[in-house]
Structure formats: structure tokens, C-alpha cells
Amino acid sequence: MDAGGLLFVMMRPSAPLIEEFNEWYDTEHLLDRMSAPGFLSGSRFQSVSGEQPGFLTLYDLESVDVLDTPEYHRLSRENFTPWTRRLMRRIPRARILAEQVHPIGEPLEPTPFLTLLRFSGTRDIQADLVAGLVRAFEGRGGVRQLRVFAEKKQDGGVDHLALVGSSVRVAHLAVEDTIRAPIRHLRLVEEFVPHLFGTTWERWI
């Protein structure tokens, strides 16, 4: 199977903007993105950890090259809708494009909880990192899925994201010795629940 890609978008609207932000995302923005070829699914989540509410969207892609297509360019940047342009100026966001490295080609499985782990400076330890994550999560009670993604940086470095789907909260497993050496590269652990659970948009071919 092809490696597949992931577009990760985290946005943290201020409290007065949350209601409008969710209306915009659910009725316009997500549907626009899912209209582009190569977007396979779009799933929204809301954080249950951290000081400021965060909203995460995960887009499973056929490959990381999907964002280079003319069809996607017609939806982005200078072609943003007025609503998108206005909110983008007012809401902090992080955007990551990454390639799936474990397991290859496996799509997101809907689960009650999603734990995000972000590692930096992990270009040369990918095998050790994946092995540590497998030891920490796969086969543990309540864990239904582990997916790992590599983000290539402009300076030649590589960061990694791990997404753990589970039926119970499992973030505490991230700091156990089972991850071993790669734990020093861990920069973020955040937990999410589905936003409007069960409303994943998928492209059926």
C-alpha cells in the first residue's frame, strides 16, 4: 500500500470566536477541503487537556503531494473565501503535512479518545521511536490504534507525530520507560475527543 499522508491542522480560537469557528468549519471549510481530489477523510476533535481549548482536524490524504495539485490550490491562500480569510487572521493555528510511516496505509479508526504525541529532532531515530511507541501502546488495554507520521522540515530535519486512538485515556503511557531513549525528544502530549462524534467526512470511491 502507498504510505499515505496526513494534513494536521490545530486551531485555538478565543472563547468569543468558538461558536462561529465551529459553524464555519462544519458548514464551509471542511466541506471545501473534502472536495479536493486526494482528500480521503476529514475528522474533527476537541482537546480535553491544555489550558486553552484546541480544535484539531486530521485529513487523511492519498499522499503528501495532494496539496500540490491545481485543485487544492484553487481552495487555498489567495483563493480563501471571505469567511475563511477573516477567521484565519484572528485564530492561531499550526499546520503540519506528514507521511505515514507506521502502519503503512492504515486509515483513521474512530475512537472515543485520541492522544497526540509530537517528537522533534527524530530524523535518525525513526525505527527506535516507532519501536518504543509500539511497546508503549500496542496491545495495551483500551488502545485500538497507533499511527505514526514523519514531517520533513525545510532545514532537512524530521519531526514525528504519533496518534493513539483508544477507548480510555492513555496519555500517561507516553512517559513510561517503554518508550526508552526517544522520550527525550517528546515535546507535546495532548488528549482529544471527537467533535460531534461520528461525523467523519469520507470520500467514497
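Preceding this section is the structure that the text describes.
Along each chain, residue indices are assigned from 1 in the same order as the chain's sequence is written. It should be noted that, the model being predicted, local features are given only for residues of pLDDT at least 70 and side-chain atom pairs only at 80 or more, the latter also being counted only at that level, while totals for whole chains, interfaces and linings use all residues. Processing note: side-chain calculations cover all non-hydrogen atoms of the structure and skip hydrogens and water entirely.

Q: Looking at this structure, I do not really get the packing of aromatic side chains. What am I missing?
A: The description of an aromatic ring pair uses the distance of the two centres, along with the angle that the planes make with each other. Stacked, edge-to-face and tilted are the three classes for Phe, Tyr and Trp ring pairs, Trp counted by its six-membered ring, which pair at centre distances within 6.5 Å; planes under 30 degrees apart are stacked, over 60 edge-to-face, the rest tilted. This structure, assessed with the given rule, holds six aromatic pairs. The interplanar angle of 50° and the centroid separation of 5.8 Å between the aromatic rings of Phe21 and Trp24 together place this pair among those described as tilted. Here the residue Phe21 and the residue Trp24 both occupy positions in helix H1 (residues 18-34), the gap between them amounting to three residues, near one helical turn. Note on Trp24 and Tyr25: the rings are 5.1 Å apart at their centroids and 70° apart in plane angle, and the pair reads as edge-to-face. Each member of the pair, Trp24 together with Tyr25, is buried. Each residue in the set Phe21, Trp24, Tyr25 and Phe55 is aromatic and connected to the rest through ring pairs, giving one cluster. Note on conventions: DSSP H or I runs of at least 4 residues are helices, E runs of at least 2 residues are strands, and numbering of each starts at the N terminus. Buried, partly exposed and exposed residues are distinguished by accessible area as a fraction of the type maximum, computed with a 1.4 Å probe on protein chains only: under 20%, between the cut-offs, and over 50%, respectively.

Q: For this particular structure, what's the right way to read the pattern of salt bridges?
A: Charged atoms that come close allow side chains of opposite charge to pair. Take a side-chain nitrogen of Lys or Arg and a carboxyl oxygen of Asp or Glu: if they are within 4 Å of each other, that pair is a salt bridge. In total, this model carries ten salt bridges according to the counting rule given. We note a salt bridge from Asp26 to Arg44, for which the minimum N-O separation is 2.8 Å. Remark: Arg44 occurs in strand S2 (residues 39-47) and Asp26 occurs in helix H1; sequence separation between them is 18 residues. When its relative accessible area of 25% is taken as the criterion, Asp26 is described as partly exposed. The class of Arg44 is buried, set by a relative accessible area of 5%. A salt bridge links Arg123 to Asp124; its shortest N-O distance comes to 3.3 Å. Linked by salt bridges that have partners in common, Arg118, Glu151, Lys153 and Asp159 make up one network.

Q: For this particular structure, what's the right way to read the pairing of strand S8 (residues 186-194)?
A: Side-chain direction in a regular strand flips from residue to residue, so the side chains alternate between the two faces of the sheet. Pairing of S2 with S8, which is carried by three bridges, proceeds in the antiparallel orientation. Paired with Ser47 across the two strands is Phe192, which belongs to S8. In short, DSSP must find at least two bridges between two strands for them to pair.

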